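Chain residues, written in single-letter form:
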Amino acid sequence: MKTIQHWINGNPTEGSSTETQPVFNPATGRQQSHVALGGATDVDAAVQAASAAFESWSESSLTQRTQVMFAFRQLLLDHEEELGRIISAEHGKTIEDARGDIARGREVVEFACGLGDILKGSFSDQVSRGIDVHNFRQPLGVVAGITPFNFPAMVPLWMHPIAIATGNTFLLKPSERDPSAANFVAELYKKAGLPDGVFNVVHGGKQAVDAILAHPGIEAVSFVGSTPIAKYVHETATAHGKRVQALGGAKNHAVVLPDADLEFAAGHITAGAYGSAGERCMAVSVAVAVGTAADGLVEVLERKAREVKVGPGDTPGTDMGPLVTKAAQERVENAVGIAAAQGATLVVDGRGLKIDGHEDGFFTGPSLLDNVTPHMDAYREELFGPVLAIIRVDTLDEAIALINANPYGNGTALFTASGEAARRFQRKVKVGMIGVNVPVPVPMSYYSFGGWKDSLIGDSPIHGPEGIRFYTRPKVVTTRWPRPAAQHAAAGFAFPTSS
Ligand code: NAD
């Protein structure tokens, strides 16, 4: 059985230990490969390669870096189907959904292709007599990304194109559950002309992460994953003097007002809740039905949940694949049982679903829970599965208060025909990414992505302008070119002011 190796200095590299972890095909439930589990020695080897590469990469021209990004972008496009199949086979999502995973990541490469414009500094002429000021930004050095299983292409692509385009070298520690996409991307970078050592991959779990957080040769760490690990990464890496961005989990509410088109709202909420089996940090996990919208909304949501086609991700026509692991399937089905025991109405019960020919796959069907209340576990916990909870409230202000009391603040959406309601909602809600009649409001790459509260630890959203800021440091230069000696101003001992 194949072992997925690390990728260090431009080549697949065997780990320092023989420790591995099985990688499954979630649709069949069968193991399909092993992944190497790296530790401190592997991380150190990758950092050494990345440090050596930084010497020349940080000196490369903007033109060279831009050309690599253009070539890489084209290769991502050319290989979208192949990479989509790799992702689907390890994650379980449909191939079409995996293509979306790649396409949304590719947008960040497109943003990075505009490097020449993005990295322009500014210049102030004659701030004082004969003195000008300009600024520019420089790369940090070796930087690392630690990423979750749910977007094996897009989330790492939020990080490395910007880090690399701005002149850094990169070490990726992808999820051990679906590791192959990282190596495929490494091969594409090599084909695009990226010098060896600029992009490296070390596979593994906690041991590899801990080695990254403590390594003195790593300047910055980008993390995306669950909130407890985001907090741990933020605390540990900042304690080691690193710059950190750490994005965490979510509980995303979609609010439906009585004036909304219920068929439209329910269709989009269903896709947002059950797409990718609910394993998205921007998945709609709570529908907040306001006033008289409730009964009609539940009726359409039920019909649409029953219409979702569940099956293997590589079967055409499938809407929703399996969960990523057996443990995830058991956890989600258990949570549905607890919700019912705590008093939620089980409108659609997705538990126990068996798919013909894939009886051992990690499938569960869409579940729809009505009359959920804020104290129930199904509301308080991020279930990360195909479960949609409905909470009924009387007014928009009550819906906003509910969202603001939730510890997470990643995404939210409002379905309405009222501009006034939409404006009030977007101004009052304590959430980072907001959709108005858009269920999954993932910002374009030239904006930045990030939630509020427990969905983002620290203060740095990811990609877009914030990504440029995160992966670079500013310098400000004050310049004087004196005229011949007779015209010199005398040097003064008082603190310099402009005149
Ligand atoms: P996870 O937190 O279990 O794992 C994320 C990364 O951390 C992986 O690389 C993993 O190997 C590593 N890790 C896991 N346990 C660790 C430990 N104890 N110590 C050190 N490192 C550890 O997350 P996941 O299950 O892979 O992904 C799902 C989570 O990610 C959900 O909570 C989801 O909301 C979140 N997510 C958030 C965003 C966002 O933008 N806010 C995007 C995608 C996913």
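Thresholds applied
Throughout this document, residue positions are counted from 1 along each chain, in the order its sequence is written. Only residues with pLDDT of 70 or above have their local features reported here, since the model is predicted, and side-chain atom pairs are shown and tallied only from 80 upward, although totals for entire chains, interfaces and linings are computed over all residues. The side-chain quantities take in all heavy atoms of the structure and omit both hydrogens and water. In this entry, domain limits derive from an automatic or database-based domain assignment. Pairs of residues are marked as contacts when any of their non-hydrogen atoms sit within 4.5 Å. What counts as buried area is the accessible surface, traced by a 1.4 Å probe, that two parts surrender upon association, with contributions from both included. We define a salt bridge as a side-chain nitrogen of Lys or Arg found within 4 Å of a carboxyl oxygen belonging to Asp or Glu. Polar contacts here mean pairs of N or O atoms no more than 3.5 Å apart (in protein, one a potential hydrogen donor and the other a potential acceptor; neighbouring residues in sequence count only if both atoms are side-chain atoms). Only DSSP runs of H or I with at least four residues qualify as helices, and only runs of E with at least two residues qualify as strands; both kinds are numbered from the N terminus onward. Only heavy atoms are used to decide nearness, and a residue is near a molecule or strand if one of them lies within 4 Å of it. Computed with the Shrake-Rupley method and a 1.4 Å probe, the accessible areas treat only the protein chains shown as cover for residues. Any residue with an atom within 4 Å of a point lines the site, the site being either a cavity, points on a 1 Å grid over the protein atoms alone where a 1.4 Å probe fits but cannot get out, or a pocket, an open set with protein on both sides within 12 Å along at least 5 of 7 lines. Cavities and pockets are treated as containing a molecule whenever more than half of the molecule's atoms lie within 2 Å of their grid points. Here the nonpolar group is Ala, Val, Leu, Ile, Met, Phe, Trp, Tyr, Cys and Pro; Asp, Glu, Lys and Arg are the charged ones; every other residue, Gly included, is treated as polar. The criterion for strand pairing is that DSSP finds at least two bridges linking the strands in question. To obtain an axis, a line is fitted to C-alpha atoms, over the contacting stretch when the element is a helix, and the angle between two such axes runs from 0 to 180 degrees between their N-to-C directions. Exposure categories follow from relative accessible area, calculated using a 1.4 Å probe and restricted to protein chains: below 20% of the type maximum is buried, above 50% is exposed, and the middle band is partly exposed. Note on angle classes: values under 35 degrees are labelled roughly parallel, values over 145 roughly antiparallel, values of 65 to 115 roughly perpendicular, and the remainder oblique. Crossing handedness is defined as follows: a turn of the near helix away from the far one that is anticlockwise and smaller than a right angle gives a left-handed crossing, while the clockwise case is right-handed. Helices are assigned an expected span. That span is 1.5 Å times one less than the residue count. In this description, the arc belongs to the directions extending from the helix axis to the C-beta atoms. Grid points are joined across faces, edges and corners, and a volume is the space filled by probe spheres set on the points. Look down the strands so they point away from you; if the path from the first strand over the helix to the second goes clockwise, the crossover is right-handed.

Student: I tried to follow the domain arrangement of the chain on my own but got confused; where do I start?
Tutor: Interface size is commonly expressed as the accessible surface area that is lost when the partners come together. When its domains are assigned, the chain resolves into domain 1 (3-248 + 455-476) and domain 2 (252-436). Taking only C-alpha atoms into account, the centre of domain 1 sits 31 Å from that of domain 2. Each side of the interface is counted separately: domain 1 has 20 residues, and domain 2 has 24 residues. Each partner contributes to the roughly 1700 Å² buried at the junction of domain 1 and domain 2, and carbon and sulfur atoms together form 60% of this total. Contact with domain 2 buries area across many residues of domain 1, yet Ala27, Thr94 and Ser455 alone supply 27% of it, more than any other trio. Connecting domain 1 to domain 2 are one salt bridge. Linking domain 1 with domain 2 are seven residue pairs in polar contact (both at pLDDT 80 or more), by the criterion used here. For the side of domain 1 that touches domain 2, the secondary-structure elements that each account for two or more residues are helix H3 (80-91) and helix H4 (95-113).

Student: Quick question: what am I supposed to make of the site of the ligand here?
Tutor: Around the ligand sit 28 residues, and of these Thr147, Glu176, Ser226, Gly248 and Glu382 come closest. Phe149 is positioned such that a nitrogen or oxygen atom in its backbone is 3.0 Å from an oxygen atom of the ligand. Arg177 is positioned such that a nitrogen or oxygen atom in its side chain is 3.3 Å from an oxygen atom of the ligand. Contact with the protein chains hides 89% of the accessible area of the ligand, taken as 840 Å² for the molecule alone. In this structure the site holding the ligand corresponds to the largest pocket. Those elements that place two or more of their residues in the shell around the ligand are helix H8 (206-214) and strand S11 (218-224). When grouped by side-chain class, the residues that make up the shell around the ligand number 14 nonpolar, nine polar and five charged. No fewer than three residues from each of domain 1 (3-248 + 455-476) and domain 2 (252-436) sit in the shell around the ligand.

Student: Would you mind showing me how to read the pattern of salt bridges here?
Tutor: As a working rule, side chains carrying opposite charge can pair if their charged atoms are close by. A full pass over the atoms with the stated rule returns 25 salt bridges. Look at the salt bridges and you will find they share partners, linking Arg73, Glu80, Glu81, Arg85, Arg99, Arg106 and Glu110 into a network.

Student: In this structure, what is going on with the sheet that holds strand S1 (residues 3-4)? I would like to understand it.
Tutor: Backbone hydrogen bonds are what pair the strands of a sheet, in a parallel or an antiparallel way. Strand order in the open sheet formed by three strands is S1-S5-S4, and the pairing between neighbours is mixed. Of all the strands in the sheet, the pair left with one neighbour each is S1 and strand S4 (20-25). The pairing of S1 with strand S5 (residues 30-36) spans two bridges and is parallel. Among the inter-strand pairings, Thr3 is bridged to a residue of S5, identified as His34. Relative to S4, H3 is tilted by about 100 degrees, and along the sheet it contacts S1, S4 and S5.

Student: Hey, could you run me through unusual backbone geometry in this one?
Tutor: Residues other than glycine predominantly adopt negative phi, and peptide bonds predominantly adopt the trans conformation. The backbone of Ser276 sits at a positive phi, close to 55 degrees, despite the residue not being glycine. Its place among the elements puts Ser276 in the loop between helix H10 (262-274) and strand S14 (284-290). With phi around 55 degrees, Asn371 is a residue other than glycine that occupies positive phi space. Secondary-structure assignment places Asn371 in the loop between strand S16 (367-370) and helix H13 (377-380). We classify Asn371 as partly exposed; its relative accessible area is 35%.

Student: Hey, could you run me through the packing of helix H2 (residues 62-78) against H4 in this one?
Tutor: Between two packed helices, the angle of one axis relative to the other and the distance separating the axes together describe the packing. Following both chains from N to C, one finds H2 and H4 inclined at 160 degrees, their axes separated by 9 Å at the closest point. Taken together, H2 and H4 sit at an angle that is classed as roughly antiparallel. You can see that H2 and H4 cross each other, and the crossing is left-handed. In this structure, H2 contributes Thr66, Met69, Phe70, Phe72, Arg73, Leu76 and Leu77 to the contact, and H4 contributes Ile102, Arg106, Val109, Glu110, Ala112 and Cys113. Taken together, the residues that form the contact of H2 with H4 break down as nine nonpolar, one polar and three charged.

Student: Looking at this model, I keep getting lost on helix H1 (residues 40-57). Mind explaining?
Tutor: Within an α-helix, residues lying three or four positions from one another point in the same direction, as the helix has 3.6 residues per turn. Here H1 spans 25 Å end to end across 18 residues, near enough to the 26 Å set by a 1.5 Å rise per residue. The complete set of buried residues in H1 reads Asp42, Val43, Ala46, Val47, Ala49, Ala50, Ala53, Phe54 and Trp57. Projection of H1 onto a plane perpendicular to its axis shows the buried side chains occupying an angular sector of 165 degrees, all on one side. For H1, exposure combined with an orientation more than 90 degrees from the buried face picks out Ala40, Thr41, Gln48, Ala52 and Glu55.

Student: Whenever I open this one, empty space enclosed by the protein confuses me. Can you help?
Tutor: Taking a probe equal in size to a water molecule and rolling it over the atoms shows the remaining empty space. The final tally for this structure, using the stated rule, is four cavities of 30 Å³ or more. The space that makes up the largest cavity amounts to roughly 120 Å³. Forming the walls of the largest cavity are 15 residues, and the residues nearest its centre are Gly278, Ala283, Ser285, Glu382 and Phe384. For the lining of the largest cavity, the per-class residue count stands at eight nonpolar, four polar and three charged.

Student: What exactly am I supposed to notice about the pairing of strand S17 (residues 387-393) here?
Tutor: Where a strand is regular, its side chains alternate between the two sheet faces. For S17, a buried count of six out of seven residues is recorded, marking the element as mostly surrounded by other parts of the structure. In the sheet, S14 pairs with S17 via five bridges, with the strands oriented parallel. Bridge assignment links Val286 to a residue of S17, and that residue is Ala389. Where S16 and S17 come together, three bridges link them in parallel fashion. When the bridges of S17 are listed, Leu368 appears paired with Leu388.

Student: Honestly, the pairing of strand S13 (residues 252-256) in this entry has me stumped. Any pointers?
Tutor: The buried fraction of S13 is high, at five of five residues. Burial of S13 is two-sided: the residues Asn252, Ala254 and Val256 facing one way and the residues His253 and Val255 facing the other way are all buried. Sheet analysis places S13 next to S14, joined by five bridges and oriented parallel. Residue Val255 lies in a different strand from S14, and its bridge partner there is Val288. Considered for its hand, the β-α-β crossover made up of S13, H10 and S14 is right-handed.

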